[in-house]
Amino acid sequence: KVPRISIGTMRFPEDIDVAVTFLRHAIDKGMRYIDTSRGYGESEWVIGLALKDGYRDKVILSSKWSPWNMMVAPSDDTSSDCMRRRIEESLKRLGVDRLDYYQIWSVNKREQYDQIVAKGGMVEGILKAKEEGLVGHLGFTTHDSVENLLKYIEEADWCEILLTTYN
C-alpha cells in the first residue's frame, strides 16, 4: 500500500551528506514511498547511499525512465532490451537488487502509449524483469489529457501503478 504522502527526489540538496541525512530523516518520520528516475541527476545514487544500513527494508522504492525524456545512449529506443538495460542500470545506481515499482516515464500522447505496449516494447521489458524478480510492479507516469488517460486505463491491464499530476 502506497501512502498518501510520498517523497519525490527530483531535487536534492547539492551536498550529498545533507541529502542523505534529509532522506533518512524523512524515512525515520514515516515517509515510505520514494519516487526517483534515471533522469533526476544523481538522485538514484544519493538514494542508494541513504538506503544502506537497513533503510532499504523501510521503503517502497520506485524508479522510471523513457527515451523521450532522457537519452542515456544514442541507441536508446522503446524496445524491451533497452528497457531492461535501463532497469539494470537503475538497480546498480541505487545499490539494490529489486525495485518495488518501475514505471515508464511521462507517457504524454497516444503515439508514446502505442510504442510502449507494442510487441517487443517497453512494457514487455518490464514484465520480463518482473518475472525475474527485479521489479515488483509496473506502470507509467503521465501528464496527458483526461480523455487519453481514461482510454489508457481501459486498455492497460498490465498497469499496476499510475502516477499523474494533481493540483
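Preceding this section is the structure that the text describes.
These numbers come from a predicted model, not from an experiment. (Residues numbered from 1 in each chain as written. Predicted model: local features only at pLDDT ≥ 70, side-chain atom pairs only at ≥ 80, totals over all residues. Heavy atoms only, no water.)

Turning our eyes to something else, we now look at the pattern of salt bridges. The full count for this structure, using the stated rule, is 17 salt bridges. Across the salt bridge formed by R38 and E89, the nearest N and O atoms sit 2.5 Å from each other. Pair noted here: R38 is in the loop between β2 (33-35) and α2 (43-50) and E89 is in helix α3 (residues 80-94), with a separation of 51 residues, a long-range link. Accessibility expressed as a relative area gives 14% for R38, which makes it buried. In this structure, E160 and K130 form a salt bridge, with 3.1 Å as the shortest nitrogen-oxygen distance. Residue E160 is found in the loop between α6 (146-155) and β6 (161-164), and its partner K130 is found in helix α5 (residues 122-131); the two are separated by 30 residues along the sequence. E160 sits in the partly exposed class, given a relative accessible area of 38%. Overlapping salt bridges, with partners in common, bring together R38, D76, R86 and E89 in one network. (Salt bridge = Lys/Arg side-chain N within 4 Å of Asp/Glu carboxyl O. Helix = DSSP H or I, 4+ residues; strand = E, 2+ residues; numbered from the N terminus. Buried < 20%, exposed > 50% of the residue type's maximum accessible area, 1.4 Å probe, protein only.)

The next thing to look at is α2. In terms of burial, α2 is a largely internal element, six of the eight residues being buried. Of the residues making up α2, those classed as buried are S43, E44, V46, I47, G48 and A50. Looking at the packing, one finds that the buried side of α2 touches α1 (16-28), β2, β3 (60-65) and α3. (Contact = heavy atoms within 4.5 Å.)

The next thing to look at is the layout of surface pockets. Estimates place the volume of the largest pocket at around 370 Å³. D35, Y40, K64, L163 and T164 are, among the 20 residues lining the largest pocket, the residues nearest its centre. Put simply, the parts of the chain that give the lining of the largest pocket at least two residues each are β1 (7-8), β2, β5 (135-142) and β6. A per-element tally of the lining of the largest pocket places β6 first, with four residues. The residue makeup of the lining of the largest pocket, split by class, is nine nonpolar, eight polar and three charged. (1 Å grid on protein atoms, 1.4 Å probe; cavity = no way out; pocket = protein on both sides within 12 Å on 5 of 7 lines; lining within 4 Å. Points joined across faces, edges and corners; volume = space filled by probe spheres on them. Nonpolar A, V, L, I, M, F, W, Y, C, P; charged D, E, K, R; others polar.)

What is shown is where atoms sit, not what they do.
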